[in-house]
Amino acid sequence: MSVRELRDHLGRRVDAARHTGEHTIIEKYGEVHAVLVPYAWWTEQQTPEGQGTLAP
């Protein structure tokens, strides 16, 4: 999904992440720049050794 499309559908994409576990790949100028993932999934990916950082 392009940044432009994401701007128009951000609320829906956040709901899809939370309720269905859907990940959204975000592109800018045709290159992948980020991924919107469910917070629950992201926290599961963090290691106990503190390799990842949790948002407040």
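Please read all numbers here as calculations on a predicted model, not as lab measurements.

Undergrad: Just to check I follow, could you spell out the overall build of the protein for this structure?
TA: When you go through the protein residue by residue, the secondary structure sums to two helices and two strands. Starting at the N terminus and ending at the C terminus, the protein contains elements arranged as α-β-β-α. Looking at the protein as a whole, 16% of its 56 residues are labelled buried. Sequence-distant contacts in the protein: of pairs separated by 6 or more residues, those separated by 24 or more amount to 13%.

Undergrad: What am I meant to see in the environment of Ala 16 here?
TA: Its place among the elements puts Ala 16 in helix α1 (residues 3–20). On a C-alpha basis, the gap between Ala 16 and Pro 38 in space is 8.5 Å, while along the polypeptide they are 22 residues apart.

Undergrad: Can you help me understand the pattern of salt bridges in this one?
TA: Pairing is possible between side chains of opposite charge, provided their charged atoms come close. This model, assessed by the stated rule, comprises one salt bridge. The partner of Arg 13 in a salt bridge is Glu 22, with the nearest N and O atoms 2.3 Å apart. By relative accessible area, Glu 22 is classed as partly exposed at 34%.

Undergrad: Hey, could you run me through the pairing of strand β1 (residues 24–28) in this one?
TA: Consecutive residues of a regular strand have side chains that alternate between opposite faces of the sheet. As paired strands, β1 and strand β2 (residues 31–36) are joined by five bridges and run antiparallel to one another. In the sheet register, Ile 25 faces β2, and the bridge partner there is Val 35. What sits between β1 and β2 in their antiparallel hairpin is a turn of two residues, with Tyr 29 showing a positive phi close to 55°.

The rules behind the values
Residues numbered from 1 in each chain as written. Predicted model: local features only at pLDDT ≥ 70, side-chain atom pairs only at ≥ 80, totals over all residues. Heavy atoms only, no water. Helix = DSSP H or I, 4+ residues; strand = E, 2+ residues; numbered from the N terminus. Buried < 20%, exposed > 50% of the residue type's maximum accessible area, 1.4 Å probe, protein only. Contact = heavy atoms within 4.5 Å. Salt bridge = Lys/Arg side-chain N within 4 Å of Asp/Glu carboxyl O. Pairing = 2+ DSSP bridges.

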